[in-house]
Amino acid sequence: MKEIKQFDVIILGGGLAGIYTALTISSSLHVGLFVKDAIERGSSNLAQGGIAAEVIWDENKIEEHYEDTLRAGSYINDKEATHVLVEEAGKNIERLLSLGVEFDKNADGTLVTTLEGGHRSRRILHAGGDDTGAHIMQNLRDALAQRKNIDVYEDEMAIEILHNNNKALGVIVINQQNEEVYVLGNKIVLATGGIGGIYKKSTNEKIACGDGIAMAHRAGVRIKNMEFVQFHPTGFYIEDQIGKTFLISEAVRGEGGILKNIEGVRFMEKYDKERMELAPRDVVSQAIHREMFDTWSDHVYLDITHKSKDYLVKRFPTIYQHCLDNGIDISKDYIPVAPVEHFLCGGIDTDVCGHTSMENLYAIGECANTGVHGANRLASNSLLECIVFGGRVADEINQQKDTFGKIDVVLPDMVFTHKKYNFKDIRVEIRDVMSKYVFIVRKEEDLLLAKKLLTKHYNNLKKINVFSRYYYETINMVTVALLIIEQALARKESVGCHFRLD
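Residues numbered from 1 in each chain as written. Predicted model: local features only at pLDDT ≥ 70, side-chain atom pairs only at ≥ 80, totals over all residues. Heavy atoms only, no water.

Trainee: Residue-level account of the nonpolar core, with values.
Mentor: One broad trend across soluble globular proteins is that nonpolar side chains are buried collectively. Within the largest apolar cluster, 72 residues are counted, with the highest numbers of intra-cluster contacts made by Leu190, Ile198, Ile213 and Met434. Here this core gets 13 residues from one element, more than from any other, and that element is helix α15 (residues 469–490). If near-sequence neighbours (up to four positions away) are discounted, Ile198 is found in contact with Ala208, Ile430, Arg431, Met434, Met477, Val480, Ala481 and Ile484. Formed by 50 residues, the second largest nonpolar core is a distinct cluster that contains Ile93, Leu144, Leu383 and Ile387. (Core = buried A, V, L, I, M, F, W, Y, C linked by side-chain atoms within 4.5 Å. Buried < 20%, exposed > 50% of the residue type's maximum accessible area, 1.4 Å probe, protein only. Helix = DSSP H or I, 4+ residues; strand = E, 2+ residues; numbered from the N terminus. Contact = heavy atoms within 4.5 Å.)

Below you can see the structure in the form of structure tokens.
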């Protein structure tokens with residue numbers, strides 16, 4: 001007998017996009033929130049810098065935020081979605097405050113703001129100094145615990161979308177007991193996060209395997225702009241380290257940090273004389289890549305030693321302590337940094353209300369391609385995207401709740417293998433191939449080789465259908481990797497964080 005669960009709304013993902021949406025949905029609706037790992041893990045918890053938002057309505061400042069976002073995205077952003085992003089920032093920040101989020105404040109009670117790369121104004125709100133994501137997520141998890149209409153399922157991974165005639169009906173889930181559960185819902189929201197797990201080094205947790213994107217692709221949902229993988233310029237460099245990389249926030253450069261090569265020479269003037277260290281991430285990452293090549297090195301330095309120790313400990317407590325734990329006193333020493341995979345600007349294609357190309361299926365957060373990032377994301381617009389479009393999805397669901405009813409569906413007769421195959425070598429090769437051939441600088445011959453190597457693994461994995469989280473993570477990884485490669489091959493010109501040498 002197959003286990004069946006039914007909800008008004010199914011949300012996949014326990015980051016900011018997923019939880020904020022769940023909390024904004026009417027308490028009269030029964031929501032099932034499924035998180036494939038512990039709810040405390042994920043990229044939202046790791047966000048340091050903050051949320052970019054003009055909280056006081058000022059047409060000139062909002063237009064400036066809009067223009068800064070377009071400029072960072074090489075002007076291929078969706079303009080309607082970008083207007084929505086910046087214009088609806090204030091009301092969603094107010095919602096966060098009403099949910100108990102505590103941003104850092106000045107002595108007079110006003111919100112503290114800082115500056116980051118690509119921004120012309122100090123519009124970045126932060127919490128806990130440089131630990132914004134962890135503070136916001138803890139506040140929201142506290143609010144979540146008070147909601148009786150939301151059932152949270154941790155360590156339960158959705159593996160396939162149930163659909164008929166291009167209409168989403170639910171998902172198949174692997175529960176904690178490694179059993180097959182059919183979860184039905186009137187609306188399904190994908191908030192499954194990014195793809196950092198397909199690279200050797202990423203600021204993401206390794207659990208970020210692009211699961212929602214791969215599931216949507218298997219269901220025939222439109223995927224767009226996958227070639228735009230953003231690399232953060234300043235991951236903390238430790239020789240031979242792989243896996244999750246500690247992030248040195250953009251805000252360090254916003255507060256005056258200077259980039260220098262291993263010879264101690266400041267270099268950003270050569271690449272962006274106007275904005276220097278505060279150029280957008282694609283420009284800075286590509287500049288660092290070139291400096292490392294020219295100086296035969298694998299890292300550069302970030303210098304913030306001109307700031308006092310007291311200031312640095314207060315403003316960047318997390319970064320200060322992490323560096324100190326690794327033998328670097330940032331009040332005296334340069335911070336070794338190198339670019340590292342950070343954020344996917346594309347994903348499941350949506351409109352301004354989060355609709356995908358499949359009826360009743362929404363996508364929000366990093367797994368979605370809302371179009372607001374264009375070819376490169378502006379710093380601290382990611383958390384803003386989560387709440388603005390999560391709020392829009394929730395508002396629409398609330399308006400349609402009277403149409404909800406019991407889902408009648410003929411469940412598919414899925415045939416699974418239950419053998420304990422080991423896919424470790426495949427996962428290692430995926431990460432090696434992506435880090436070598438589909439990195440900051442790309443060439444057609446490298447992309448074609450990467451496609452050939454990974455297509456072999458994809459075809460082999462498709463021959464079996466193993467009922468395990470490990471199998472589905474692996475096939476999701478190779479599916480997403482191939483989507484990035486194919487769309488990178490299709491875009492011949494260099495734009496934003498897609499840089500073609502040829």
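Trainee: Go over the packing of aromatic side chains with me, naming the residues and quoting the values.
Mentor: For the structure on display, the rule yields 12 aromatic pairs. Aromatic pair Phe7 and Phe34: ring centres 6.0 Å apart, planes at 80°, arrangement edge-to-face. Taken together, the positions of Phe7 in strand β1 (residues 3–12) and Phe34 in strand β2 (residues 31–35) put the pair 27 residues apart, joining distant regions of the chain. Phe7 gets classed as buried once you look at its relative accessible area, which sits at 4%. Exposure remark for Phe34: the relative accessible area of 3% places this residue in the buried category. A connected cluster of aromatic rings, assembled from ring pairs, spans Tyr421, Phe423, Tyr470, Tyr471 and Tyr472. We note Lys307 situated over the ring of Tyr311; from NZ or CZ to the ring centre the distance is 5.0 Å. Stacked on the ring of Phe343, the Lys or Arg Arg377 has its end atom at 4.2 Å from the ring centre. (Phe/Tyr/Trp six-rings, centres within 6.5 Å; stacked < 30°, edge-to-face > 60°. Lys NZ or Arg CZ within 6 Å of the ring centre and 35° of its normal.)

Trainee: Can you explain the side chain of Asp37? Please cite residues and give values.
Mentor: Within the secondary structure, Asp37 is located in the loop between β2 and α2 (43–46). Here Asp37 falls in the buried class, since its relative accessible area comes to 11%. Among the polar contacts made by the side chain of Asp37, one reaches the side chain of Arg41 at a distance of 3.3 Å. There is a polar contact of 2.9 Å between the side chain of Asp37 and the side chain of Arg469. Ignoring anything within four residues of it in the chain, the contact list for Asp37 reads Glu154, Asp155, Ile207 and Arg469. (Polar contact = N/O pair within 3.5 Å; in protein donor to acceptor, adjacent residues only side chain to side chain.)

Trainee: Kindly report on the sheet that holds strand β5 (residues 124–125), identifying the contributing residues and their values.
Mentor: With antiparallel pairing, the 3 strands of this open sheet are ordered in space as β3-β5-β4. In the strand order of this sheet, the two ends are held by β3 (51–52) and β4 (113–114), each with one partner. Where β4 lies against β5, 2 bridges are found, and the strand directions are antiparallel. Looking at β5, one finds that Thr114 is bridged to Ile124. (Pairing = 2+ DSSP bridges.)

Trainee: Before we move on, can you summarise the packing of helix α5 (residues 89–98) against helix α12 (residues 381–400) with the specific residues and values?
Mentor: Orientation of α5 relative to α12, taken along the N-to-C sense of each, is 85°, at an axis distance of 9 Å. By the angle class used here, α5 and α12 are roughly perpendicular. Contacts from Ala89, Asn92, Ile93, Arg95 and Leu96 in α5 reach Leu384, Ile387, Val388, Gly391 and Asp395 in α12. Of the residues belonging to the contact of α5 with α12, the class tally is 6 nonpolar, 2 polar and 2 charged. (Axes fitted to C-alpha atoms, helices over the stretch in contact; angles between N-to-C directions. Parallel < 35°, antiparallel > 145°, perpendicular 65-115°, else oblique. Nonpolar A, V, L, I, M, F, W, Y, C, P; charged D, E, K, R; others polar.)

Trainee: Describe in detail the side chain of Glu227, supporting the description with residues and values.
Mentor: Note that Glu227 resides in the loop between β11 (223–224) and β12 (229–236). Here Glu227 is in contact with Arg442, Ile484, Gln487, Ala488, Arg491 and His498, once residues within four sequence places are set aside.

Trainee: Give a description of the environment of Met157 that names residues and reports values.
Mentor: The residue Met157 is located in strand β7 (residues 157–164) in this model. The contacts of Met157, once residues within four sequence positions are left out, are Lys36, Ile172, Val173, Ile174, Asp211, Arg469, Tyr472, Glu473 and Asn476.

Trainee: Any chance you could break down the pairing of strand β9 (residues 180–190) for me, citing the residues and the numbers?
Mentor: Of all the 11 residues making up β9, 10 are buried; the element is thus mostly covered by neighbouring parts of the structure. Where β1 lies against β9, 9 bridges are found, and the strand directions are parallel. Bridge pairing links Ile4 to Tyr182 in β9. In the sheet, strand β8 (residues 167–174) pairs with β9 via 5 bridges, with the strands oriented antiparallel. Considered in β9, the bridge of Val171 is made with Val183.

Trainee: With reference to specific residues and values, describe the sheet that holds strand β19 (residues 368–369).
Mentor: A sheet is described by the order of its strands in space; here 3 strands give the open sequence β11-β17-β19, paired in mixed fashion. Bordering the open sheet on either side are β11 and β19, each of which pairs with just one other strand. Two strands pair when backbone bridges link them, and β11 and strand β17 (residues 347–349) are joined in this way by 2 bridges, in the antiparallel orientation. In the sheet register, Lys224 faces β17, and the bridge partner there is Gly347.

Trainee: Give me the lowdown on the pattern of salt bridges, citing residues and values where you can.
Mentor: Side chains that carry opposite charge are capable of pairing whenever their charged atoms lie near each other. Counted by the stated rule, this structure contains 35 salt bridges. Two residues, Glu255 and Arg122, come together in a salt bridge whose shortest N-O distance is 3.3 Å. Taken as a pair, Glu255 in the loop between α8 (250–254) and β14 (258–260) and Arg122 in the loop between β4 and β5 lie far apart in primary sequence, 133 residues in all. Using a relative accessible area of 44% as the deciding quantity, one classes Arg122 as partly exposed. The closest approach of N and O atoms between Glu250 and Arg253, which form a salt bridge, is 3.4 Å. Highlighted residues: Glu250 and Arg253, both in helix α8, separated by 3 residues, approximately one helical turn. (Salt bridge = Lys/Arg side-chain N within 4 Å of Asp/Glu carboxyl O.)

So, to be careful, I would describe these as geometric facts and stop short of saying anything about function.
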